[in-house]
Amino acid sequence: MAELDVRNPATGEVVGHVPVTTADEVARAVDQLRAHQPAWEALGADGRKEWLLKLQDWLIDNTEELAAVLQSETAKPRVDALIDPAFAIDLLGYYARRAAKFLTDEHPSPHSPLARAKKLTVTYRPYPVVGVITPWNFPLAMPAIDIFPALAAGAAVILKPSEVTPLSAVELARGWAEIGAPPVFTVVTGAGETGAAVVEHADYVQFTGSTGTGRKIGTICAEKLKPYSLELGGKDPAIVLADADLDRAAHGIAYGGMFNAGQVCISVERVYVEAPVYDEFVEKLTAAVAALRQGADGRESKNDVGALANEAQLRIVERHVDEAVAAGARVTTGGKRTGVGTFFAPTVLVDVDHSMACVAEETFGPTLPVMKVADEAEAIALANDSRYGLSASVWTGDKARGERVARQLNAGAVNINDVFANLFNFAMPMGGWGESGVGARWGGAAGVRKYCRAQAITAPALPTMAKELIWFPYDMNKLVFALAAMRAAGARGRRRFDLPRVWRLKGN
Ligand code: NAD
C-alpha cells in the first residue's frame, strides 16, 4: 500500500504517514456511506444533534491533543493551533442546535388567490453523499467548516484533506468513531488523484483550495451535471482612509496580513492608503510588523508568526518579493527567508504597483504591499482591479463612509475597521465573487440547505372534484372563466376587469 510522509515544515522531520487511498477504495467508501446515509437522514435533525454535540464534547475534551497534532504538521504558533479547534467547536454548536429550525418544512403563501386551492410545502432532503476537499492552511477548521453543516443536513460525508496536513482530519475521524456515531463520515487521504475520485463518486462536491484546482473540479462537475460549491483564492484589499484611527488600522492590517503567516484565503494581501496619511501609516504598519515574533512554538506560546506550509509556498513568496524589489519596490521590514525551515520574515513592501505579482497574484504568505492613492475613488477602483473578490476591509472614522465604500467593492465580504470578522459570523454567507468562488458556505439556514435538494409538494387545500377546470376535454368557456379570474387576480387597472377582451379570445 502506498503511503505519504507528513512533515513538520519548521524542522523537516517526518511526523506521520497516511495511506494513499486509491480510486477504487474511494468508490467503495462512498458506497458504504450511501448505504448508511438513509438511517442518518431518518434520525431527523434533533437525533443528529445529539451525535454532533457528542462530537463537540469530544473536541473540547481533546483540544490539547488536537492542537499538538496540528502543530506537528503545520508548525503554527501555539495560539494559532488552538484557534483551529476553538473555531470548529463554535461552528459545530451553531449548526447542531439550529439545523432543526433551518430544515423545517416551509409552507409559502401562494403567489395568487387562485393558487390557494393548494397547500404548498417545501421540504429539504439531503444529498446522500457530500464530498469535501480541503487545503492545508487550517487542517482542522477547514474540514469542520463544511463537514458539520453537511452532517447536520443529514448527508453522509467523505473528506479528502490536503496531502500536506492530513493528520488533523484523521484525528477528526477518530473522534467520530470514538463517540460511536453512525458510520456516515469517512476520511480518505492522498493527493489530487484521491480528490478526483471523490469528485467522481460523491453526489455534491464542496471544494476549498486554489482557483486552478477549483476550475478543474467545476469543469468535471459541469460535465456530470453534479452540484458543487467552490471556495477559492483571494487577493484581499484593505483601504485606509485619511480619517481612520491609524493605530488600529496598522495593528489590524498587520494581523490581517500575518495571521497564520499570511496563509489565509482572506488575508490582507494589498493595502491602499489615502495620500495625507500614507507616510504615517507606513511607519506605524512597519513598526507593528517588525515587532512580530517569528519561530516554532512548543506547548508554550512564544511566537506570533510561524512557518510556511512547505518549500513550494516559500518559493512563491520569495519570487513575489524578489521580483517586486527588482522592479523598484522597497522593503521597509522583512523581505527574506530566515533560519532553518520554511520561515519567511513578515514583510512590508512600498513603491509597488499592479504590474507586480506581489500585488496582482495571490501570494499566500507574510507580505503586505502598500500603495498610496489620491482619494477614496482611486482606492475603490484599484481594490476592484482584480480577478479575485473574496473579502476586503475599509478603515475609516466615519461608519457611514465605510458602508458607502463597502457597497462599491466587488467582494463577498467587507469588514469595516476589522479583518476576518465575517469569518466568525456563521449567520452570514461566506463566499467569493469573481474567480474567488462559486456559491457560498453558511449564511444561517442557507448553510445546511445548500447540502439539500429542495422538494416542492402540493396537496389539495379544498375538497376535490372529479376533474379540475382545465383538464381534458378542452372547453373555451372554462378557459375564459379561468383567464378572467387570473386577470382579476394578477393584472392591473382596467385590464383586471376587461371581460370583453377576454371574451374575444373565444373568437367572438
Ligand atoms: P490546492 O488547490 O492545491 O489543493 C486543495 C485540495 O485539492 C487538496 O486537498 C488537494 O489534494 C486537492 N486536489 C488537488 N488536485 C485535485 C483534483 N484534480 N481533483 C480533486 N482534488 C484535488 O490548494 P492548497 O494549495 O491546498 O490551498 C491553498 C489555496 O486554498 C489558496 O489558493 C487559498 O486561497 C485557498 N483557500 C480558500 C479558502 C476559501 O474559503 N475561499 C480557504 C482556505 C484556502
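Residues numbered from 1 in each chain as written. Predicted model: local features only at pLDDT ≥ 70, side-chain atom pairs only at ≥ 80, totals over all residues. Heavy atoms only, no water.

Per an unreviewed UniProt entry, the protein chain goes by the name Aldehyde dehydrogenase and belongs to Nocardia camponoti. As its UniProt record puts it under Sequence similarities (unreviewed entry), the protein chain is described as follows: "Belongs to the aldehyde dehydrogenase family." (UniProt positions renumbered as here; feature names shortened; annotations may be inferred.)

Quick notes on the environment of Gly218
Mapped onto the elements of the fold, Gly218 is located in helix 8 (residues 211–224). Since its relative accessible area comes to 8%, Gly218 is described here as buried. Along the backbone, Gly218 and Pro463 are 245 residues apart, and their C-alpha atoms lie at a distance of 48 Å. Ignoring anything within four residues of it in the chain, the contact list for Gly218 reads Tyr228 and Leu230. (Helix = DSSP H or I, 4+ residues; strand = E, 2+ residues; numbered from the N terminus. Buried < 20%, exposed > 50% of the residue type's maximum accessible area, 1.4 Å probe, protein only. Contact = heavy atoms within 4.5 Å.)

Regarding helix 13 (residues 376–383)
Where helix 13 is concerned, the buried positions are Glu376, Ala379, Ile380 and Ala383. Looking down the long axis of helix 13, one finds its buried residues gathered within 95° of arc, a one-sided arrangement. On its buried face, helix 13 is in contact with strand 9 (236–240), strand 10 (268–274), strand 15 (367–373) and helix 14 (399–406). (Arc of directions from axis to C-beta.)

Remarks on helix 7 (residues 192–201)
Buried residues of helix 7: Thr194, Gly195, Ala197, Val198 and Val199, and no others. Tucked into the core, helix 7 has its buried residues touching helix 1 (23–42), strand 4 (129–133), strand 5 (156–160), strand 7 (204–208) and helix 8.

Here we look at the site of the ligand
What surrounds the ligand is a group of 29 residues, the closest being Thr134, Lys160, Glu163, Ser210 and Glu362. One of the side-chain N or O atoms of Thr213 is found 2.8 Å from an oxygen atom in the ligand. One of the side-chain nitrogen or oxygen atoms of Glu362 is found 2.5 Å away from an oxygen atom of the ligand. Within the complex, the protein chains bury 88% of what would otherwise be the 860 Å² of accessible surface of the ligand. With respect to the detected pockets, the ligand is housed in the largest pocket. Where the shell around the ligand is concerned, the elements lending two or more residues are helix 7, strand 7 and helix 8. The element that contributes the greatest number of residues to the shell around the ligand is helix 7, accounting for three residues. When the residues that make up the shell around the ligand are grouped by side-chain class, the tally is 14 nonpolar, ten polar and five charged. (Near = heavy atom within 4 Å. Polar contact = N/O pair within 3.5 Å; in protein donor to acceptor, adjacent residues only side chain to side chain. Areas by Shrake-Rupley, 256 points an atom, 1.4 Å probe, with all protein chains shown as cover. 1 Å grid on protein atoms, 1.4 Å probe; cavity = no way out; pocket = protein on both sides within 12 Å on 5 of 7 lines; lining within 4 Å. Sits in = over half its atoms within 2 Å of the grid points. Nonpolar A, V, L, I, M, F, W, Y, C, P; charged D, E, K, R; others polar.)

Some remarks on the pairing of strand 15
A large share of strand 15 lies buried, amounting to six of its seven residues. Relative to strand 15, strand 10 runs parallel, the two being bridged by four bridges. Following the sheet pairing, Tyr272 is matched in strand 15 by Met371. Pairing between strand 14 (residues 347–350) and strand 15: three bridges, direction parallel. Each bridged residue has a counterpart across the sheet, and for Thr347 the counterpart in strand 15 is Thr367. (Pairing = 2+ DSSP bridges.)

As for the sheet that holds strand 15
Strand pairing in a sheet relies on backbone hydrogen bonds. The paired strands run either parallel or antiparallel. Read from one edge to the other, the open sheet built from seven strands follows the order 11-14-15-10-9-17-18, with strand pairing classed as mixed. The open sheet is flanked by strand 11 (330–333) and strand 18 (413–416), the only strands paired with a single partner. Taken over all neighbouring pairs, the strand axes of this sheet differ in orientation by 25° on average, direction set aside. Examined bridge by bridge, strand 11 and strand 14 share three bridges and lie antiparallel to one another. Within strand 14, the position partnered with Arg330 by the bridge is Val350. Taken strand by strand, helix 11 (residues 311–326) contacts strand 11, strand 14 and strand 15, and its axis lies near 30° from that of strand 14. (Axes fitted to C-alpha atoms, helices over the stretch in contact; angles between N-to-C directions.)

Regarding empty space enclosed by the protein
Tallied over the full model, the rule gives three cavities of 30 Å³ or more. Of the voids in this model, the largest cavity is the one considered here, and its volume is about 110 Å³. Along its surface, the largest cavity is lined by 13 residues, and Phe87, Phe138, Ala141, Phe259 and Leu423 are the ones closest to its centre. Elements that contribute at least two residues to the lining of the largest cavity include exactly helix 4 (78–103) and helix 5 (141–153). Among the residues making up the lining of the largest cavity, the classes are represented as twelve nonpolar, no polar and one charged. Taken as a whole, the second largest cavity spans an internal volume of roughly 100 Å³. The wall of the second largest cavity is formed by 15 residues, among which Thr74, Lys76, Asn260, Gln263 and Ala307 lie closest to the centre. Looking at side-chain class alone, the lining of the second largest cavity contains seven nonpolar, six polar and two charged residues. (Points joined across faces, edges and corners; volume = space filled by probe spheres on them.)

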